[in-house]
Amino acid sequence: MSRTQCCAVPLPALGKLRGVITWRNGTVSGTRREWPGAVELDVSVDGTPVQALAYPALTGFPRAGDRVLLNTTALDLGLGTGGYALVVAIPDRLPPDPAPGGHLVKARYTPLQATVAGADEQGSPHHAILRDADDIGGMPVVVADLHSALAAVLAGVFDEAERTGGAGDETGDEQSHRPRVVYVMQDGGALPAWFSRTCAALKEAGWLVATVTTGQAFGGDLETVTVHTGLLAARHVLAADIAVVAQGPGNLGTGTRWGYSGVAAGEAVNAVAALGGRAVACLRLSEADPRERHQGISHHSLTAYGRVALARADVVVSGLPGRFGAEVSAGAAALAARHAIITVPVDGLEAALRGSPAPLSTMGRGLTEDLAYFLAAAAAGRHASRLLRAAQEPNGAG
């Protein structure tokens with residue numbers, strides 16, 4: 001096909017966007033549940049009950065009887081992770097003006113752009129630290145392409161730490177040997193970190209120290225402009241021992257090689273390397289996904305780590321038994337020219353995963369339905385924990 005022919009596809013007229021937002025008015029009938037930063041509601045829309053989600057920091061807290069303006073686009077499309085009507089405003093009871101402070105604008109130039117206080121902005125109490133920070137000191141950073149890997153990665157981190165007694169003090173305190181883990185959230189999925197019930201559960205259980213929201217994402221314990229300053233804040237402000245980088249829930253994919261938000265996992269590997277960290281690449285595996293391109297090692301992992309990641313990472317291959325394990329090992333060999341392939345045994349990891357304080361689910365499949373996926377993430381966490389221990393031992397590598 002010639003250059004002229006490839007550009008000859010008819011384009012819609014500029015300025016005539018279609019299918020952008022579906023608006024509805026609704027009336028709140030009650031609250032279903034709450035977690036930090038979010039509230040799930042029952043709302044009546046023209047007599048039809050729907051589930052809605054509100055972020056009180058943006059809209060104020062809805063109460064029964066309130067008229068709410070809704071964005072029902074995701075609900076109308078039947079989306080899974082994002083299948084809520086979203087509360088845009090409580091028109092008859094607007095929230096008070098926020099206290100002044102913060103100059104980072106997230107979700108910029110959208111009707112709900114939010115101004116937050118960035119850890120890396122001038123005027124921040126952390127600005128002096130982050131202004132000259134340029135290195136994360138060999139910190140292990142697990143990179144994953146799906147938010148659903150987060151809890152499983154942490155299960156592997158803490159299982160390994162508990163097996164070895166960790167690197168903490170000798171007080172016998174259960175928390176003393178637990179590595180401090182910080183989640184650095186990319187903006188490829190949900191923008192509000194409040195959407196993640198996983199983060200709320202992990203933080204409540206003491207598994208997660210904090211979340212840093214980067215790019216256009218917002219609502220974390222710290223806000224930063226880029227993944228780079230997010231990693232620096234994790235290390236130098238939050239004293240992280242290990243970081244996990246992944247997009248928020250609700251990824252975007254098109255069934256094409258490059259049209260997938262998780263491709264940013266490769267860019268995260270580059271950021272870790274640029275800052276002197278130790279990138280640990282978590283492979284996306286599945287023995288249950290009906291889509292051929294995601295069976296074994298997902299084509300997304302092969303693209304992100306094989307094409308996008310230009311820096312070297314430890315690619316963790318979970319030591320799975322049988323034919324499937326052999327297929328995974330053979331598939332990972334395609335990444336060996338660029339990365340170190342590290343096989344990590346999975347003994348004990350299924351039990352660790354079952355002890356997760358956050359429910360485990362990926363693409364609608366739980367631990368039993370897609371065990372290989374979660375074992376792969378837990379194995380990456382186990383390897384990160386081992387790297388941390390090795391670095392903290394006398395004469396350990398940084």
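Residues numbered from 1 in each chain as written. Predicted model: local features only at pLDDT ≥ 70, side-chain atom pairs only at ≥ 80, totals over all residues. Heavy atoms only, no water.

**Regarding the overall build of the protein**
Within the protein, the secondary structure is distributed over 12 helices and 19 strands. Per-residue burial over the protein gives 51% buried out of 398 residues. Of the contacts made within the protein by residues no fewer than 6 positions apart, 70% connect residues no fewer than 24 positions apart. Approximately 18700 Å² of the protein is accessible, and the part contributed by carbon and sulfur atoms is 53%. (Helix = DSSP H or I, 4+ residues; strand = E, 2+ residues; numbered from the N terminus. Buried < 20%, exposed > 50% of the residue type's maximum accessible area, 1.4 Å probe, protein only. Contact = heavy atoms within 4.5 Å. Areas by Shrake-Rupley, 256 points an atom, 1.4 Å probe, with all protein chains shown as cover.)

**Examining the layout of surface pockets**
Taken as a whole, the second largest pocket holds about 590 Å³ of empty space. Lining the second largest pocket are 26 residues, with Ala57, Leu58, Pro98, Ala114 and Thr115 sitting closest to its centre. For the lining of the second largest pocket, the elements supplying multiple residues, two or more each, are helix H2 (56-59), strand S5 (85-89) and strand S7 (114-116). A total of four residues in the lining of the second largest pocket trace back to one element, the largest contributor, which is H2. Classifying every residue of the lining of the second largest pocket gives 18 nonpolar, seven polar and one charged. (1 Å grid on protein atoms, 1.4 Å probe; cavity = no way out; pocket = protein on both sides within 12 Å on 5 of 7 lines; lining within 4 Å. Points joined across faces, edges and corners; volume = space filled by probe spheres on them. Nonpolar A, V, L, I, M, F, W, Y, C, P; charged D, E, K, R; others polar.)

**A word on the packing of aromatic side chains**
Throughout the structure, instances matching the rule amount to five aromatic pairs. Taken together, the ring pairs connect Tyr55, Trp194 and Phe218 into an aromatic cluster. Its guanidinium or amino end placed over the ring of Phe158, Arg178 lies 5.2 Å from that ring's centre, counting from NZ or CZ. Stacked on the ring of Trp35, the Lys or Arg Arg197 has its end atom at 5.0 Å from the ring centre. (Phe/Tyr/Trp six-rings, centres within 6.5 Å; stacked < 30°, edge-to-face > 60°. Lys NZ or Arg CZ within 6 Å of the ring centre and 35° of its normal.)

**Things to note about the confidence of the model for the protein**
Per-residue confidence for the protein gives a mean pLDDT of 90; residues scoring 70 or more make up 89%. Low pLDDT (under 50) marks residues 1-5, which in the prediction has one contact with non-local residues, meaning those over four places away or in another chain. Predicted confidence for residues 167-172 stays below pLDDT 50, and this span has six contacts to residues more than four positions away or in other chains. (pLDDT = per-residue confidence, 0-100.)

**Considerations on the side chain of Thr214**
Positionally, Thr214 belongs in the loop between strand S10 (210-213) and strand S11 (222-223). Here Met185 takes part through its backbone oxygen, which lies 2.8 Å from a polar atom of the side chain of Thr214. (Polar contact = N/O pair within 3.5 Å; in protein donor to acceptor, adjacent residues only side chain to side chain.)

**Overview of the sheet that holds S10**
Read from one edge to the other, the open sheet built from eight strands follows the order S11-S10-S9-S12-S8-S13-S16-S17, with strand pairing classed as parallel. Single-partner strands in this sheet number two, and they are S11 and strand S17 (340-345). (Pairing = 2+ DSSP bridges.)

**Examining the pairing of strand S8 (residues 140-143)**
Residue alternation in S8 divides its side chains into two sets, Pro140 and Val142 and Val141 and Val143, and both sets are buried. Strand direction decides the pairing type here: S8 and strand S13 (residues 278-282), joined by four bridges, are parallel. Note on S13: the bridge partner recorded for Val143 is Ala281.

**Thoughts on helix H8 (residues 264-274)**
Along an α-helix, residues three or four positions apart point the same way, because every turn accommodates 3.6 residues. Listing the buried residues of H8 in full gives Ala265, Gly266, Ala268, Val269, Asn270, Ala271 and Val272. The secondary structure elements touched by the buried residues of H8 are S8, strand S9 (181-186), helix H7 (227-236), strand S12 (242-247), S13 and helix H9 (299-308). Gly276, located one to two residues past H8, shows a positive phi value of around 75°.

**A short note on the packing of helix H5 (residues 149-164) against helix H12 (residues 371-392)**
Direction vectors running N to C along H5 and H12 enclose 45°, while the axes themselves pass 7 Å from each other. Judged by the inter-axis angle, H5 sits oblique to H12. Viewed along their axes, H5 and H12 form a crossing whose handedness is right-handed. In this structure, H5 uses Ala149, Ala152, Val153, Gly156, Val157, Asp159, Glu160, Ala161, Arg163 and Thr164 to contact H12, whose residues at the interface are Tyr373, Phe374, Ala377, Ala378, Gly381, Arg382, Ser385, Arg386 and Arg389. Along the lines of polarity and charge, the residues of the contact of H5 with H12 split into nine nonpolar, four polar and six charged. (Axes fitted to C-alpha atoms, helices over the stretch in contact; angles between N-to-C directions. Parallel < 35°, antiparallel > 145°, perpendicular 65-115°, else oblique. Left-handed = near helix turned anticlockwise from the far one by under 90°.)

**Some thoughts on the pattern of salt bridges**
Counting across every chain of the model gives 20 salt bridges. In this structure, the salt-bridge partner of Asp92 is Arg67, at a minimum N-O distance of 3.0 Å. Placement of the pair is Asp92 in the loop between S5 and strand S6 (104-106) and Arg67 in strand S4 (residues 67-71), with a sequence separation of 25 residues. The exposed category is assigned to Asp92, whose relative accessible area is 58%. (Salt bridge = Lys/Arg side-chain N within 4 Å of Asp/Glu carboxyl O.)

**Digging into empty space enclosed by the protein**
As enumerated under the stated definition, the model contains one cavity of 30 Å³ or more in all. Reported here for the largest cavity is a volume of approximately 50 Å³. As for the largest cavity, its lining consists of 12 residues, of which Arg284, Leu285, Ser286, Asp289 and Arg365 are closest to the centre. Across the lining of the largest cavity, the residue classes break down as four nonpolar, four polar and four charged.

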